Amino acid sequence: MEYKNIIAENLCKHIDMEKETIERLVENPPKPEMGDFAFPCFQLAKSMKKAPNMIAQDLKGLLGNLDGFEKIEAFGPYINFFVAKNDFMKEIIEKVLNEKENYGSTKEGVGKNVIVEYCSANIAKPFHVGHLYTTMIGNSLYKIFNSQGYNAIGINHLGDWGTQFGKLIYAYNHWGDEKALEEEPIKEMLRVYVKFHDEAEKNPVLDDEGRKHFKLLEDGNEEEVKLWTKFKDLSLKEFDKLFNMLNVKFDSFAGESFYQDKMDAVIDEIESKGLLTESNGAKVVMLEELNIPPCIIKKADGATIYATRDLAAMFYRKKTYDFYKNIYVVAKDQSLHFKQVFSTVKKMGYDWADDCIHVPFGLVRFPDKKLSTRKGDVVFLEDLLNEAVVKTEEIINEKNPTLENKKEVAKKVGIGAVVFAYLKNSRERDIIFDWDEMLSFEGETGPYVQYTYARGKSILRKLGEGTGEVDYSKLVSEEEFELVKTLSGFNNSIKQALDKLQPSIVTRFTIDVAKAFNKFYNSINISNSEDEVTKNTRLALVKATLQVIENGLHLIGLETVDEM
Ligand code: ARG
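This is a predicted model, so every value here is computed, not measured.

Q: Can you walk me through the overall build of the protein in this structure?
A: Of regular secondary structure, the protein possesses 22 helices and 12 strands. For the C-alpha atoms alone, the extent of the protein along its principal axes is close to 80 × 65 × 40 Å. For the protein, with 564 residues in total, the buried portion stands at 52%. Within the protein, contacts between residues separated by at least 24 positions form 73% of all contacts whose residues are at least 6 apart in sequence. Accessible area of the protein: about 26100 Å², with a carbon and sulfur share of 47%. Across the protein, the mean location of the 75 positive side-chain charges is 2 Å away from that of the 91 negative side-chain charges.

Q: Explain the nonpolar core to me, please; I cannot follow it from the model alone.
A: One broad rule of soluble globular proteins: the nonpolar side chains tend to lie buried together. Counting 152 residues, the largest nonpolar core has Phe 39, Phe 81, Leu 384 and Val 418 as the members making the most contacts within it. In terms of residue count, helix α22 (residues 532-555) provides more of this core than any other element does, 10 residues in total. The contacts of Val 418, once residues within four sequence positions are left out, are Leu 132, Leu 384, Leu 385, Ala 388, Phe 433, Trp 435 and Met 438. Membership of the second largest hydrophobic core comes to 34 residues, among which are Val 266, Leu 276, Ile 297 and Ala 353.

Q: I would appreciate a short explanation of the UniProt feature "short sequence motif: 'HIGH' region" (unreviewed entry) in the protein in the present structure.
A: Here, UniProt's "short sequence motif: 'HIGH' region" (unreviewed entry) annotation points to residues 121-131. Secondary structure content for residues 121-131 is 27% helix and 0% strand, and the end C-alpha separation is 7 Å.

Q: Would you mind going over the sheet that holds strand β3 (residues 78-83) with me for this structure?
A: Within a sheet, adjacent strands bond to each other through the backbone by hydrogen bonds, running parallel or antiparallel. Taking strand neighbours across the sheet as the criterion, the three strands line up as β1-β3-β2 in an open arrangement whose pairing is antiparallel. Whereas interior strands pair on both sides, the edge strands pair on one side only; in this sheet they are β1 (37-40) and β2 (69-75). Put simply, the sheet's adjacent strands are angled 15° from each other on average, direction ignored. Bridge count for β2 against β3 is six bridges, and the pairing is antiparallel. Note on β3: the bridge partner recorded for Ile 72 is Phe 81.

Q: Sorry if this is basic, but what is going on with the pattern of salt bridges here?
A: Per the counting criterion, the structure on display carries 44 salt bridges. One salt bridge in this structure joins Glu 209 and Lys 212, with 3.5 Å as the shortest N-O distance. Taken together, the positions of Glu 209 and Lys 212, both in helix α10 (residues 205-218) and three residues apart, correspond to about one turn of that helix. Take Glu 209: its relative accessible area is 22%, and that puts it in the partly exposed class. A salt bridge links Lys 347 to Glu 289, with the shortest nitrogen-to-oxygen separation between them at 2.9 Å. Pair noted here: Lys 347 is in helix α14 (residues 335-347) and Glu 289 is in the loop between β7 (282-285) and β8 (295-298), with a separation of 58 residues, a long-range link. By relative accessible area, Lys 347 is classed as partly exposed at 31%. Taking the relative accessible area as the measure of exposure, Glu 289 reaches 49% and is therefore partly exposed.

Q: Explanation requested: the site of the ligand in the structure shown.
A: Neighbouring residues of the ligand: Glu 117, Ser 120, Asn 122, His 131, His 157, Tyr 306, Asp 310, Tyr 328, Val 330, Gln 334 and Phe 338. For the ligand, the accessible surface in isolation is 350 Å², of which the surrounding protein chains cover 87%. Partitioned by chemical class, the residues of the shell around the ligand number four nonpolar, five polar and two charged.

Q: When you look at the UniProt feature "domain: Arginyl tRNA synthetase N-terminal" (unreviewed entry) in the protein in this model, what are you seeing that I'm missing?
A: Per the UniProt record, the feature "domain: Arginyl tRNA synthetase N-terminal" (unreviewed entry) sits at residues 5-83. The annotated region residues 5-83 carries 42% helix and 22% strand content, and the separation between its end C-alpha atoms amounts to 13 Å.

Q: Please clarify how the packing of aromatic side chains should be interpreted in this entry.
A: Any two aromatic rings considered together are summarised by their centre-to-centre distance and by the angle between their planes. In this structure the tally under the stated criterion is 40 aromatic pairs. Aromatic pair Phe 441 and Tyr 451: ring centres 5.6 Å apart, planes at 50°, arrangement tilted. Here Phe 441 is found in the loop between α17 (435-439) and α18 (446-463), whereas its partner Tyr 451 is found in helix α18, with 10 residues between them in sequence. Judged by relative accessible area, Phe 441 falls into the buried class, the value being 9%. Its relative accessible area of 33% is what places Tyr 451 among the partly exposed residues. For the cation-ring pair, Lys 262 lies above Phe 258, with the distance from its terminal atom to the ring centre recorded as 4.0 Å. Sitting over the face of the ring of Phe 323, Lys 318 holds its NZ or CZ atom 4.7 Å from the ring centroid.

Q: Which parts of the structure should I look at to understand the state of the cysteines?
A: Each disulfide consists of a covalent bond between the sulfur atoms of two cysteine residues. Evaluation of the coordinates by the stated rule reveals zero disulfides. We note that Cys 41 lacks a disulfide partner, and the nearest cysteine sulfur, in Cys 12, lies 15 Å from it. Sulfur of Cys 119: no disulfide; nearest cysteine sulfur belongs to Cys 356 and is 20 Å away. The class of Cys 119 is buried, set by a relative accessible area of 3%.

Q: I would appreciate a short explanation of the sheet that holds β7 in the present structure.
A: The three strands lie next to each other as β6-β7-β8, forming an open sheet whose pairing is antiparallel. The sheet is open, and its two edges are formed by β6 (276-279) and β8, each paired on a single side. Taken over all neighbouring pairs, the strand axes of this sheet differ in orientation by 45° on average, direction set aside. As paired elements, β6 and β7 share four bridges and run antiparallel to each other. Each bridged residue has a counterpart across the sheet, and for Ser 279 the counterpart in β7 is Ala 282.

Q: Where do I start with the environment of Trp 435 in this structure?
A: Relative to the helices and strands, Trp 435 resides in helix α17. Given a relative accessible area of 17%, Trp 435 falls into the buried group. For the pair Trp 435 and Val 418, spaced 17 residues apart in sequence, the C-alpha separation works out to 8.6 Å. The residues contacting Trp 435, other than those within four sequence positions of it, are Leu 384, Glu 387, Ala 388, Lys 391 and Val 418.

Q: Hey, could you run me through helix α12 (residues 263-272) in this one?
A: An α-helix turns once per 3.6 residues; consequently, residues spaced three or four apart project the same way. Turning to α12, its buried residues number three or more, namely Met 263, Val 266, Ile 267 and Ile 270. End-on view of α12: buried residues confined to an arc of 100°, all on one side of the axis. Residues of α12 that are exposed and angled more than 90 degrees away from the buried face: Asp 264, Ala 265 and Ser 272. Remark: Gly 274 follows α12 within two positions and exhibits a positive phi of approximately 75°.

Q: Explain unusual backbone geometry here, please?
A: Leaving glycine out, the prevailing phi sign among residues is negative, and the prevailing peptide bond configuration is trans. Within the chain, Ser 120 stands out as a residue other than glycine whose phi angle is a positive 45°. Tracing the backbone through its elements, the reader meets Ser 120 in the loop between β4 (113-117) and α6 (129-147). The phi dihedral of Asn 280 falls on the positive side, at around 50°, and the residue is not glycine. Here Asn 280 shows up in the loop between β6 and β7. The class for Asn 280 is exposed, based on a relative accessible area of 79%.

What counts as what
- Residues numbered from 1 in each chain as written.
- Predicted model: local features only at pLDDT ≥ 70, side-chain atom pairs only at ≥ 80, totals over all residues.
- Heavy atoms only, no water.
- Helix = DSSP H or I, 4+ residues; strand = E, 2+ residues; numbered from the N terminus.
- Buried < 20%, exposed > 50% of the residue type's maximum accessible area, 1.4 Å probe, protein only.
- Contact = heavy atoms within 4.5 Å.
- Areas by Shrake-Rupley, 256 points an atom, 1.4 Å probe, with all protein chains shown as cover.
- Lys, Arg positive; Asp, Glu negative; His and termini not counted.
- Charge placed at Lys NZ, Arg CZ, Asp CG, Glu CD.
- Core = buried A, V, L, I, M, F, W, Y, C linked by side-chain atoms within 4.5 Å.
- UniProt positions renumbered as here; feature names shortened; annotations may be inferred.
- Pairing = 2+ DSSP bridges.
- Axes fitted to C-alpha atoms, helices over the stretch in contact; angles between N-to-C directions.
- Salt bridge = Lys/Arg side-chain N within 4 Å of Asp/Glu carboxyl O.
- Near = heavy atom within 4 Å.
- Nonpolar A, V, L, I, M, F, W, Y, C, P; charged D, E, K, R; others polar.
- Phe/Tyr/Trp six-rings, centres within 6.5 Å; stacked < 30°, edge-to-face > 60°.
- Lys NZ or Arg CZ within 6 Å of the ring centre and 35° of its normal.
- Disulfide = S-S within 2.5 Å.
- Arc of directions from axis to C-beta.

Quick look at the structure:
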């Protein structure tokens, strides 16, 4: 039953307001005694020139009884609607159990391509804790869009081009160790790269050497290309390990080098449209009307830059995918960069530039460690994830020493805990890394939600799956009703997460479900139910809850475990 729709349809017969507007205004009240839906009359007060309390009273009278609701009340400036509980519970629980992994999904976006760019790490450098942020936000948005019928395309715009590769080639040729490169490629590449910077401080001529080797690479010189290809292959192999650990996939790895031969066409077009200006020897597009610095297209030495490759990528993506939205999950310190490239394309006369969206996120901070690649004291993500697994295994050893597949459970729970902590808050916020907090089985954590799931599974193992006769009128407690109400909000949470490009809304939803479930579980003794039918109905509710937790966790990139 579409409750909001019923409310809107009936209200609009009595007031001068569009049905869609009413539907948007309908709220979910914070307390059960305020009903399950509420319509605020403030907005009407202005147009009707009447006190909102009065309007609420009058409308309540005019509405009478509505299909699907057992009570309608005027309460101050609100009209509160109470759903007919039995029908509601039956409808929601059956819907979840029928739709299974598709509960929450819709077909709203069918036929629309949405690009989600995430990860976009730089090859030859360690994959660090900040890259995990973009990777997991993007992975989640990718799944969220797909769940609503869109065709999401996940792109990893690898940082695999630029002068730093000239430096790396020079450095490796001088100080590299082949064996070390094979064994621990990223560490070895980082080592020689750091050495390059140290040496270049003493001897600035090295920077020219770096530029020279990058030029050779750009010109396709065999030796440079061979080395660069090796660096790239080794890096991707290392990255792949992480993607497997995180269960993250991409549809394309077209990174910066992919656009090498696609930049000239864009530069020519910018020039032919009279937008290319000379500034201190560089070629730029002025953006003074937006009050931002110009977008640099070519440096004074004629070399293209990061922004030029992003411009080429925009056109390539538009041509290849004819995207509905082109989303970039990239740290917030690149906001200006994206403003510059998007505005440049807009200035070239392409309105689809407005469909390109930068989705920024905050920093990841360790209270006591720094995260710079130049100096080399960086937290490698792989080490961090392994640490999460080890720590989780210790906790499991304590709590459930006889658990069979401990290693596998520790992996799902430990890595899941980190991912959950990343996606728990609004992405603009910085993350302050805190092991104890994120691994705790209590509080708003991944392990808490996963543990709730495992608890539910154990009930079903012991008492059966509630497949016998059920009767929803047996579910009369406040806790049961509140739990079902929470489950019913899943699609709404997904939609909000999609609109705001905010996976945390889904994360929060899984916490809400776990909390509502634990309240239910703690107040009702399922095995001692009055009769078999009541017990079965409650088990059906448990089963539906687990399905919703699983679906929710899946959307943020976590897996469930049956026991932990
Ligand atoms: N490789 C860059 C970095 O690690 C991020 C790339 C972001 N994506 C883009 N299309 N510019 O800082």
